[in-house]
Amino acid sequence: MQVEVTGATTTPRRGGSQATRAAILSAARRQFAMRGYDRATVRGIAAEAEVDPALIYYYFTSKESLFAAALDLADVTSHVIDELVMGGIERLGERVVRFFLTGSGEENPGEAIATIVRSAMGSDAASGAVREVLCRKLLTKMAEILGTSRPALRASLAATQIMGLTLARAVLHLEPLVTADDEILVQACAPAVQRYLTGPMPWDEPHS
């Protein structure tokens, strides 16, 4: 397979477009996690993925587009959101926190969220990914499915718990959070997430 990119012809080192694209995304997640958005380079990502840098622009057009694709959890979570909600409102907070801490299947959404947090600390583009991926595509969608009041605000409040836990554990390496058992953290953080997503909130109370 040959690909035309800005007048040049390059041959992928990996067979099959899906395999090549997946390799680029996997390398991008690791590079963004280690270096942050600003310090990660297309050339470095290409080197880890063992592809020509021109292929990254072929598949993703820009570093910004690659970043968004690498941290877009839609493919990982689209079916999981339905599964979490189908489990019922009771103990939903536990399922949500556990999902972000331990992941699902081969991919680990928790790692992707940690990548977003690291990168967002120094990049406006990455901050936009936080709003788009974590709040709108994941938590807001879940709140909308539940039919609760002001789903976007509820999602933002739930995100404070998830982002705070991720920041303290994966970015600041705050002990004993780093070495604490995942299930202990699930039980500790779930009540707040449960209340934000499903519980009564101040705006639901009638004003006298």
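Our structure's up above, just so we're on the same page.
Residues numbered from 1 in each chain as written. Predicted model: local features only at pLDDT ≥ 70, side-chain atom pairs only at ≥ 80, totals over all residues. Heavy atoms only, no water.

Packing of helix 1 (residues 17-39) against helix 3 (residues 53-60) brings their axes to within 11 Å, and their N-to-C directions diverge by 105°. Considered as vectors, helix 1 and helix 3 are oriented roughly perpendicular to each other. Taking contact as the criterion, the partners of Ser17, Thr20, Arg21, Ile24 and Leu25 in helix 1 are, on helix 3, Leu55, Ile56, Tyr59 and Phe60. For the contact of helix 1 with helix 3, the residue count by class is six nonpolar, two polar and one charged. (Axes fitted to C-alpha atoms, helices over the stretch in contact; angles between N-to-C directions. Helix = DSSP H or I, 4+ residues; strand = E, 2+ residues; numbered from the N terminus. Parallel < 35°, antiparallel > 145°, perpendicular 65-115°, else oblique. Contact = heavy atoms within 4.5 Å. Nonpolar A, V, L, I, M, F, W, Y, C, P; charged D, E, K, R; others polar.)

So, on to helix 9 (residues 151-171). Along its 21 residues, helix 9 runs 28 Å from first to last C-alpha, staying within 8% of the 30 Å computed at 1.5 Å per residue. Positive backbone phi, approximately 55°, marks His173, located one or two places after helix 9. (Expected span 1.5 Å × (residues − 1).)

Core analysis: the largest hydrophobic core is formed by 28 residues, its most contacted members being Leu92, Val96, Phe100, Leu134, Leu139, Met142 and Leu197. Sorting the residues of this core by element identifies helix 5 (74-86), helix 6 (92-102), helix 8 (124-146), helix 9 and helix 10 (182-198) as the ones contributing at least two each. The residues touching Val96, leaving out its near neighbours within four places in the chain, are Leu84, Leu139, Met142, Ile162, Val193 and Leu197. (Core = buried A, V, L, I, M, F, W, Y, C linked by side-chain atoms within 4.5 Å. Buried < 20%, exposed > 50% of the residue type's maximum accessible area, 1.4 Å probe, protein only.)

Once the charged atoms of two side chains with opposite charge are near each other, the side chains can pair. Overall, the coordinates contain six salt bridges when judged by the stated rule. With a closest N to O distance of 2.3 Å, Glu48 and Arg30 form a salt bridge. Of this pair, Glu48 sits in helix 2 (residues 42-49) while Arg30 is found in helix 1, placing the two residues 18 residues apart along the sequence. Between Arg154 and Asp204 there is a salt bridge, with its nearest N and O atoms 3.1 Å apart. On the criterion of sequence distance, the pair formed by Arg154 in helix 9 and Asp204 in the segment after helix 10 is long-range, its members being 50 residues apart. Of the residues examined, Arg154 reaches a relative accessible area of 2% and is grouped as buried. What emerges from the salt-bridge pattern is a single network uniting Arg91, Glu94, Arg98 and Glu183. (Salt bridge = Lys/Arg side-chain N within 4 Å of Asp/Glu carboxyl O.)

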